[in-house]
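For reference, the chains in residue letters:
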There are 2 protein chains.
Amino acid sequence: MRKRSVTINEVAREAGVSISTVSRAMNGTAFVAEDKRRAVEAALERLGFQPNHLARTLTSGRSMSVGVLAEDIVSPYYADVIRGIEHALLDTAYQPVFNSGHWTRAYERRAIDTLISRRVDALVLLGSTLSDAELREVAEQVPLFVFGRLVPGLEDHCLALDQFRGAYGATRHLIERGHRDIVHIRGPEAQQDAEDRLRGYQAALRDNGVTPDPRLLVTGDFLEQTAYQATTRLIEGLVPFTAIFAGNDQMAVGARLALYRKGLRVPDDVSLVGFDDLPGTAFTSPPLTTVQQPTYAIGQALAAHVLSRLEGVASPLPQFELRVIVRDSTARVLRGFPGVAAR
Amino acid sequence: MRKRSVTINEVAREAGVSISTVSRAMNGTAFVAEDKRRAVEAALERLGFQPNHLARTLTSGRSMSVGVLAEDIVSPYYADVIRGIEHALLDTAYQPVFNSGHWTRAYERRAIDTLISRRVDALVLLGSTLSDAELREVAEQVPLFVFGRLVPGLEDHCLALDQFRGAYGATRHLIERGHRDIVHIRGPEAQQDAEDRLRGYQAALRDNGVTPDPRLLVTGDFLEQTAYQATTRLIEGLVPFTAIFAGNDQMAVGARLALYRKGLRVPDDVSLVGFDDLPGTAFTSPPLTTVQQPTYAIGQALAAHVLSRLEGVASPLPQFELRVIVRDSTARVLRGFPGVAAR
DNA sequence: CTGTTAGCGCCTTCAA
DNA sequence: TTGAAGGCGCTAACAG
C-alpha cells in the first residue's frame with residue numbers, strides 16, 4: 001500500500017548532481033547554476049519527490065509547525081479562536097497542528113509532550129489545566145503562548161480577557177433596563193472564568209444597590225442540559241425574577257428552552273443574556289443579547305504574535321475588550337407585566 | 001528560551017552504558033540486565049529525558065500518529081466525528097493530528113502533503129474536494145480512509161451515509177403529517193450531499209403524488225444567513241407553504257429566525273425539519289425535528305477501523321443509517337389553520 | 001557554484 | 001546480554 005517514497009539521493013542521481021545541489025535548488029539556500037537547477041527541477045517532477053519533513057526537521061531544528069492545544073478542539077467556544085489561527089497561518093510557511101487536552105491534566109500533559117517531542121516551533125495553549133509552575137516549565141522547553149490565563153512570569157506571552165468586566169457589563173445592561181431580580185446561572189465551581197463572571201454579576205448588582213439573592217444563583221456546567229433543568233426548577237419555584245444572565249451562550253440556550261416550554265416569552269416575560277457570542281448565537285430566536293469575546297481576532301492576533309516571535313521580532317500582544325452585544329432577548333421591565341415576578 | 005533537550009547519548013553516559021542499551025531498556029526491545037536497566041531508568045528520570053519523536057520515526061518508519069484532515073476542523077458538522085476519533089484514540093499509542101482543508105483543493109492538497117511528509121501512519125479524510133483519481137493516488141502513499149465519499153477502488157476504506165434516504169425520510173415525515181406545500185432550502189450546487197438531499201426530497205414528494213414546485217425550492221450555502229434571507233423572501237412571496245425542509249440544521253435555524261421575525265409560529269404555522277442533528281439542535285426552541293447523522297459513532301468506528309488496519313487486522317467498516325429524529329418543530333397540518341398557506 | 005562530509009537522535013543489525 | 005557501527009533523509013558547514 002505504501003510506496004517507498006523517493007529520497008533526495010534518487011533525485012540527485014536522476015539529475016546527475018550531488019544531493020547538496022538538489023537541496024540547495026529546492027530550498028533556494030544558495031545559488032545554483034541555471035542548467036543544474038533545471039535538471040533538478042525536472043528530476044523532482046519526474047520522480048514526484050516529496051521531502052521527508054522529519055528528516056528535514058531533525059537537521060535544521062525547525063519543524064515549521066506550531067502546536068495548538070485546546071482544552072477541547074471541537075468546543076464551539078474555541079472554534080473561532082482556532083479559525084483565526086488557521087487563517088493567520090494559512091499562507092505562511094508554518095502549519096498549525098491541533099490537539100485536545102480534554103480538560104484533563106494527564107491528557108494535556110501527554111499532548112504537550114508529544115507536541116514537544118514532535119518539535120513544534122511554538123506551542124499555543126487555549127486554556128490549560130496545568131499549574132502556573134508547570135506552564136513555566138513547559139515554557140523552558142518551547143516558546144509558549146497561552147490564551148485564557150495570565151501566567152505569572154509569562155505575562156508577555158499570555159492573553160486573557162477580563163471576564164469580570166464582561167459579566168459586570170451584562171448585568172448592568174439588565175439593571176439599566178429596570179431588572180433587579182436577575183438570575184445567574186454560573187459555570188462549574190472549578191473554573192476561573194465561571195468564578196470571575198459570577199463576581200462581575202455580583203459586583204454590578206451591589207454597585208447598583210441590589211443585594212445578590214442567593215436563591216437566584218444556580219450552578220450549571222456550561223452545557224445546555226443543566227441550565228435547562230436549573231431554569232425549569234427556578235420557574236417552578238417561588239422566587240420571582242425578570243431576567244436571566246447565563247454564564248455562557250450554551251446555558252442561555254438551555255434556559256431559553258425551559259422558558260419556552262413553560263410558556264414564558266423572551267424578552268416579553270423574561271430577559272435573557274448569554275456570554276461568549278458563539279457562532280450561531282446571532283441566529284437564535286430571538287437573537288441573543290450576549291457578551292462578545294472577540295475570539296476570531298484573538299486567534300489571528302495570537303498567530304501573528306507567534307509568527308513574529310518565531311522570526312525574532314518582539315511584537316506585544318494586543319489588548320482585547322469584551323463587549324455587550326445587545327440583540328433581541330433583553331427588554332425593559334414592563335411595570336404592568338413584570339413577567340414571572342408577577343405570578 | 002528553548003533548553004537544548006537531552007539526548008539518548010547523555011542518558012547513556014549518565015547511566016554508564018551504551019546508547020543501544022538505553023534504547024533497549026526504554027522500549028523493552030530486548031532483555032537488559034536488571035542492574036543496568038535500573039541505572040538507565042534512574043538516568044532517564046534524573047535527566048528528564050524525552051525521546052525525540054522525529055528521530056524515532058525516521059528510523060522506525062512509524063510515527064504512531066494518524067492524520068485527520070477535515071474540510072473544516074471547526075465546523076459543527078465534523079465536531080462529533082472528530083470527537084469520536086479523539087475518544088477512540090485517547091488511550092491508544094496513536095495520536096491524532098488534525099488539520100483543515102478549507103473546502104479548497106489547493107489547501108487540501110498542501111495539508112495532505114504535509115501530513116504525509118510528517119509520516120502519519122494513516123490518513124483520514126472527513127470530506128474531500130479532490131477527485132477520485134487523486135484520492136487513489138494518495139492512497140498509494142499512505143493508508144487512506146475517507147468519510148463522506150465513496151471512492152471507486154477504495155470502497156473498503158470509505159464510509160458514506162445515504163443522504164438521499166435521509167432526505168426522503170424527512171420529507172415523508174412531513175407528508176405523513178399532511179403537508180404538501182413543502183419548501184426545500186438546498187445546499188450549494190457544487191456539493192454532492194446537497195444534491196442527494198434535494199433528490200431525496202423530490203423523490204419523496206413524487207412517490208406521494210406531489211409534484212415538486214420549483215417555486216418552493218431555494219438555495220442556501222449551508223449557513224444560517226442565506227437561509228434566513230431565502231425564508232424571509234419566501235414568506236413575503238405569494239406561494240403558500242406549510243412546512244420547510246432545510247438542507248441542514250444551520251439553515252433550519254436561519255429559517256426559524258425568519259419565521260419568528262414574521263410572527264409565524266413553529267410548528268403551529270409552519271413545520272420545520274433540519275438535517276444533521278448537530279450538537280445543540282436538541283435545544284433549539286422548539287427542539288428541531290431533524291435527520292440524525294450518527295457522527296460520533298462514525299468517528300469512533302473510523303478510528304477503530306484505522307487502528308485495526310494499522311495492526312494488520314482487516315475489520316470491515318460498519319454500516320450506519322440516517323434516522324429521522326422527531327422533536328417539536330413538526331406538527332400535523334391543521335385544516336382550519338393552514339398557516340402561511342391561508343393568508 | 002558544487003561536491004564531500006559531518007552530523008541531527010534514534011533504532012537495529014552484527015559481532016562479540 | 002551488550003557495544004559498535006551503520007543507516008533513516010536531509011541540511012549545513014567546509015573545501016574546492
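Remember, it's a predicted structure, so these values are computed and weren't measured experimentally.

**Comments concerning the interface of chain B and chain A**
Between chain B and chain A, the contact holds 67 residues from the first and 66 residues from the second. Linking chain B to chain A there are four salt bridges. Residues D72 of chain A and R83 of chain B are paired through a salt bridge, measuring 3.6 Å at the closest nitrogen-oxygen approach. Along the contact surface separating chain B from chain A lie 17 residue pairs in polar contact (both at pLDDT 80 or more).

**A closer look at the environment of L47 of chain A**
In this fold, L47 of chain A is placed in helix α3 (residues 34-47). Counting along the chain gives 40 residues from L47 of chain A to T7 of chain A, while the straight-line C-alpha distance between them is 9.3 Å.

**Focus on the relation of the copies chain B and chain A**
In this structure, two copies of a chain are linked by a rotation about an axis accompanied by a shift along it. Here chain B sits on chain A after a turn of 180° about the axis and a move of 0.1 Å along it, with an RMSD of 0.3 Å. Both copies are brought into coincidence by an operation consistent with a two-fold rotation axis. Same-surface contact between copies: 99% of interface residues of chain B are shared with the interface of chain A.

**Quick look at the pairing of strand β4 (residues 144-147) of chain B**
Residues and elements named next belong to chain B. Residues L144 and V146 of β4 are buried on one face, and the alternating residues F145 and F147, pointing to the opposite face, are buried as well. Note: strand β3 (residues 122-126) against β4, four bridges, orientation parallel. Paired with V124 across the strands is F145, a residue of β4. In terms of handedness, the path from β3 via helix α7 (residues 132-141) over to β4 forms a crossover that is right-handed.

**Quick look at the sheet that holds strand β8 (residues 243-246) of chain A**
Residues and elements named next belong to chain A. Pairing within the open sheet is parallel, and its four strands lie in the order β7-β6-β8-β9. Only two strands of the sheet have a single neighbouring strand rather than two, namely β7 (217-219) and β9 (271-273). Averaged over all pairs of adjacent strands, the angle between strand axes in this sheet comes to 20°, irrespective of strand direction. Pairing of β8 with β9 involves three bridges; the strand directions are parallel. Paired with I244 across the strands is L272, a residue of β9. Packing against the sheet, helix α9 (residues 192-207) makes contact with β6 (182-186), β7 and β8, and its axis sits at approximately 165° to β6. In the packing of helix α10 (residues 224-236) onto the sheet, contacts are made with β6, β7 and β8, and the angle to β6 comes to roughly 150°.

**Some words on the sheet that holds strand β8 (residues 243-246) of chain B**
Residues and elements named next belong to chain B. Taking strand neighbours across the sheet as the criterion, the four strands line up as β7-β6-β8-β9 in an open arrangement whose pairing is parallel. Two strands in the sheet have a free side with no partner beyond their single neighbour: β7 (217-219) and β9 (271-273). Shown here is a sheet whose adjacent strand axes are inclined to one another by a mean of 20°, direction ignored. Strand contacts of helix α9 (residues 192-207): β6 (182-186), β7 and β8, with the helix running at about 165° to β6, the strand carrying the most contacts.

**Examining the pairing of strand β4 (residues 144-147) of chain A**
Here two bridges tie β4 of chain A to strand β5 (residues 158-159) of chain A, and the two strands are oriented parallel to one another. Bridged to V146 of chain A within β5 of chain A is C158 of chain A.

**Quick notes on the UniProt feature "domain: HTH lacI-type" (unreviewed entry) in chain A**
The positions that UniProt labels "domain: HTH lacI-type" (unreviewed entry) are, in the present scheme, residues 6-60 of chain A. Split by type, residues 6-60 of chain A is 71% helix and 0% strand. Its first and last C-alpha atoms lie 20 Å apart.

**Concerning the confidence of the model for chain A**
Averaged over all residues, the pLDDT of chain A is 92; the fraction at 70 or higher stands at 97%. Here residues 336-343 of chain A is a poorly scored stretch, pLDDT under 50, and it has 13 contacts once near neighbours within four places are set aside; other chains count.

**Examining the protein's contact with DNA strand C**
Inspection of the region around DNA strand C gives 26 residues, with S20, T21, A33 and T59 of chain A together with I8 of chain B positioned closest. Here the atoms of DNA strand C within 4 Å of the protein split so that 61% fall in sugar or phosphate, with bases taking the remainder. T21 of chain A places a side-chain nitrogen or oxygen 2.6 Å from a phosphate oxygen of DNA strand C. Within the backbone of I8 of chain B, an N or O atom sits 2.4 Å from a phosphate oxygen of DNA strand C. Per element, the largest residue contribution to the surface near DNA strand C is five residues, and it comes from helix α2 (residues 19-27) of chain B.

**Examining the domain arrangement of chain A**
Once the domains are mapped, chain A shows domain 1 (8-51), domain 2 (63-160 + 295-320) and domain 3 (163-289). Here domain 1 of chain A and domain 3 of chain A have C-alpha centroids that lie 63 Å from each other.

**Structural notes on the protein's contact with DNA strand D**
Around DNA strand D sit 25 residues in total, of which I8 and R56 of chain A together with T21, R24 and T59 of chain B are the nearest. When atoms of DNA strand D within 4 Å of the protein are split into backbone and base, the sugar-phosphate part holds 64%. One of the side-chain N or O atoms of T59 of chain A is found 3.0 Å from a sugar or linking oxygen in DNA strand D. Of all the elements in the fold, those that place two or more residues in the surface near DNA strand D are α2 (19-27) and α4 (53-60) of chain A together with α2 and α4 (53-60) of chain B. Per-element tally for the surface near DNA strand D: the top contributor is α2 of chain A, with five residues. Partitioning the surface near DNA strand D into residue classes produces ten nonpolar, ten polar and five charged.

**Things to note about the nonpolar core**
Core analysis: the largest hydrophobic core is formed by 138 residues, its most contacted members being L126 and F147 of chain A together with L126 and F147 of chain B. Filtering out sequence-adjacent residues up to four positions away, L126 of chain B remains in contact with V68, L69, A70, E71, Y78, V81, I82, I85, F147 and L302 of chain B. Core analysis: the next-biggest nonpolar cluster, separate from the first, contains 38 residues, V142 of chain A together with L69, V142 and V151 of chain B among them.

**Some details on the packing of helix α8 (residues 163-176) of chain B against α9 of chain B**
All names here are of chain B. The contact between α8 and α9 brings their axes to 7 Å, and the two run at 40°. Taken as axis vectors, α8 and α9 run oblique relative to one another. The chirality of how α8 crosses α9 is right-handed. Taking contact as the criterion, the partners of Q163, F164, A167, Y168, T171, R172 and I175 in α8 are, on α9, D193, D196, R197, R199, G200, Y201, A203, A204, L205 and D207.

**Quick word on the side chain of Q250 of chain B**
All names here are of chain B. Along the polypeptide, Q250 turns up in helix α11 (residues 249-261). Residue Q250 is classed as buried on the basis of its relative accessible area of 17%. Those residues within four positions of Q250 in sequence are excluded, and the remaining contacts are P76, F222, L223, E224 and L278.

**Points about the packing of aromatic side chains**
Counted according to the given criterion, the structure contains ten aromatic pairs over all chains. A centroid spacing of 6.4 Å and a plane angle of 40° characterise the contact between Y201 of chain A and F245 of chain A, whose relative ring orientation is tilted. Linking Y201 of chain A in helix α9 with F245 of chain A in strand β8, this pair joins segments that are 44 residues apart in sequence. A residue is classified by how much of its surface remains accessible, and F245 of chain A, at 0% relative accessible area, is buried. Summarising the aromatic geometry, the rings of Y78 of chain B and W103 of chain B are spaced 6.5 Å apart at their centres and angled 40° between planes, so their arrangement reads as tilted. Here the residue Y78 of chain B occupies a position in helix α5 (residues 76-89), and W103 of chain B occupies one in the loop between β2 (95-100) and α6 (105-117), the gap between them amounting to 25 residues. Residue W103 of chain B is classed as partly exposed on the basis of its relative accessible area of 43%. Clustering of aromatic rings is evident, with ring pairs tying together Y77, Y78 and W103 of chain A. Sitting over the face of the ring of F275 of chain B, R197 of chain B holds its NZ or CZ atom 3.9 Å from the ring centroid.

Criteria and cut-off values
- Residues numbered from 1 in each chain as written.
- Chains lettered and ligands numbered in written order.
- Predicted model: local features only at pLDDT ≥ 70, side-chain atom pairs only at ≥ 80, totals over all residues.
- Heavy atoms only, no water.
- Contact = heavy atoms within 4.5 Å.
- Salt bridge = Lys/Arg side-chain N within 4 Å of Asp/Glu carboxyl O.
- Polar contact = N/O pair within 3.5 Å; in protein donor to acceptor, adjacent residues only side chain to side chain.
- Helix = DSSP H or I, 4+ residues; strand = E, 2+ residues; numbered from the N terminus.
- Least-squares fit on C-alpha atoms with pLDDT ≥ 70 in both.
- Buried < 20%, exposed > 50% of the residue type's maximum accessible area, 1.4 Å probe, protein only.
- Pairing = 2+ DSSP bridges.
- Right-handed = clockwise from strand over helix to strand, strands pointing away.
- Axes fitted to C-alpha atoms, helices over the stretch in contact; angles between N-to-C directions.
- UniProt positions renumbered as here; feature names shortened; annotations may be inferred.
- pLDDT = per-residue confidence, 0-100.
- Near = heavy atom within 4 Å.
- Domains from an automatic or database assignment.
- Nonpolar A, V, L, I, M, F, W, Y, C, P; charged D, E, K, R; others polar.
- Core = buried A, V, L, I, M, F, W, Y, C linked by side-chain atoms within 4.5 Å.
- Parallel < 35°, antiparallel > 145°, perpendicular 65-115°, else oblique.
- Left-handed = near helix turned anticlockwise from the far one by under 90°.
- Phe/Tyr/Trp six-rings, centres within 6.5 Å; stacked < 30°, edge-to-face > 60°.
- Lys NZ or Arg CZ within 6 Å of the ring centre and 35° of its normal.

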